[in-house]
Structure formats: C-alpha cells, structure tokens
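Coordinate analysis (summary)
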Amino acid sequence: MTTKKKSTPEETEATGTEPTPAKKAATGGAVVAAQKILVDESPQSKIAEHGETMMEGPRTAATQSARVLSEIIAERPELVVPLVAKFARGVSSSNKRVVQTSAEALPAIARIA
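So, here's what we can say about the structure. Bear in mind that the values here come from a model prediction, so they are computed numbers and not experimental data.

On a plain count of helices and strands, the chain comes out with 6 helices and 0 strands. Scanning the chain from its N terminus toward the C terminus, one meets helices and strands in the order α-α-α-α-α-α. When each of the 113 residues of the chain is scored for burial, the buried share is 29%. Partitioning the intrachain contacts of the chain with sequence separation of at least 6 by distance along the chain shows that 60% fall at a separation of at least 24. Summed over all atoms, the accessible surface of the chain reaches about 7800 Å², with 56% contributed by carbon and sulfur.

Let us look at helix α6 (residues 96–112). Every α-helix carries 3.6 residues per turn, so stepping three or four residues along brings you back to the same face. The end-to-end C-alpha distance of α6, which contains 17 residues, comes to 25 Å, matching closely the 24 Å that a straight helix rising 1.5 Å per residue would cover. Buried within α6 are the following residues: R97, V98, T101, S102, A105, A108 and I109. Projected onto a plane normal to the axis of α6, the buried residues spread over an arc of 140 degrees and lie on a single side. Exposed side chains of α6 directed beyond 90 degrees from the buried face belong to K96, A110 and R111. Looking at the buried residues of α6, the elements they touch are α3 (44–56), α4 (59–75) and α5 (84–90). Between a side-chain oxygen at the N-terminus of α6 and the backbone nitrogen of R97 the separation is 3.0 Å; the capping residue is N95.

Bringing the nonpolar core into the picture now. Counting residues in hydrophobic clusters, the biggest one holds 20 residues, and the most contacted among them are I47, L69, I72, V80 and F87. Sorting the residues of this core by element identifies α2 (29–39), α3, α4 and α6 as the ones contributing at least two each. Here this core gets 6 residues from one element, more than from any other, and that element is α4. Setting aside residues up to four positions removed in sequence, I47 forms contacts with I37, L69, I72, L79, V80 and L83.

Here L106 is to be found in helix α6. If we ignore the near neighbours within four places in the chain, the residues touching L106 are V84, F87, A88 and V91.

This paragraph deals with α2. All buried positions along α2 are accounted for by A30, A34, I37 and L38. End-on view of α2: buried residues confined to an arc of 95 degrees, all on one side of the axis. Of the exposed residues in α2, the ones pointing more than 90 degrees away from its buried face are K36 and V39. For α2, the elements touching its buried residues are α3 and α4.

Cut-offs used in this document
Residues numbered from 1 in each chain as written. Predicted model: local features only at pLDDT ≥ 70, side-chain atom pairs only at ≥ 80, totals over all residues. Heavy atoms only, no water. Helix = DSSP H or I, 4+ residues; strand = E, 2+ residues; numbered from the N terminus. Buried < 20%, exposed > 50% of the residue type's maximum accessible area, 1.4 Å probe, protein only. Contact = heavy atoms within 4.5 Å. Areas by Shrake-Rupley, 256 points an atom, 1.4 Å probe, with all protein chains shown as cover. Expected span 1.5 Å × (residues − 1). Arc of directions from axis to C-beta. Polar contact = N/O pair within 3.5 Å; in protein donor to acceptor, adjacent residues only side chain to side chain. Core = buried A, V, L, I, M, F, W, Y, C linked by side-chain atoms within 4.5 Å.

Okay, structure coming up:
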C-alpha cells in the first residue's frame, strides 16, 4: 500500500504550485437557485412553489426544493414563515432531506414569530 506524500512549504515554493484543497466551497444548484430567489423583487411565489414541490413533488425534486429552502432559511428565515404548516408536516416525511430542512425551519420560524 502506498501513501500520498504531503507537500512541505519548501517543496511548494520550489514547484510553484499549491496543493489542492480537499473540498470546494458550496457552489451547487441549490445555492445558485436560492440566491436568484433572494434577489427577486417578490420571492414569495417561488418560495411557495418550492414548498409545494418539497411536500408533493417527486423524490428528487422534493430533495432539491428542500435544499433551496434550506439555503433561504440560512439567509432570510422570515421569507419561509408562510410555509410553517408544510414544515410541520415535513418533519414526519419519508424523505430525509425534507425532514432535515423542516427541522431547521421550525426553530428559525419560532424565533421570528
């Protein structure tokens, strides 16, 4: 079994290259979609659509909508207050991502209300 050699600062200077980081910053589709919604003048309709898809849509679409809503909750939780009933039902969902997002949303909404 071989192990990967780690670069030392001296080797980095000699080669002129930096070691690549293990993880990149989150730049996925959910982050981009959430940012587009947040800069919109009236984001409520898009947020409501994601709430509906999260609860009633196909599994992959529900997961994606839950991810988008999770990003929105992190930035501006006051925008998801109208979805409190959906989040209350989402806690008992069979979709793990919907459960996670619902569990994030309810305490954030409670702090606002």
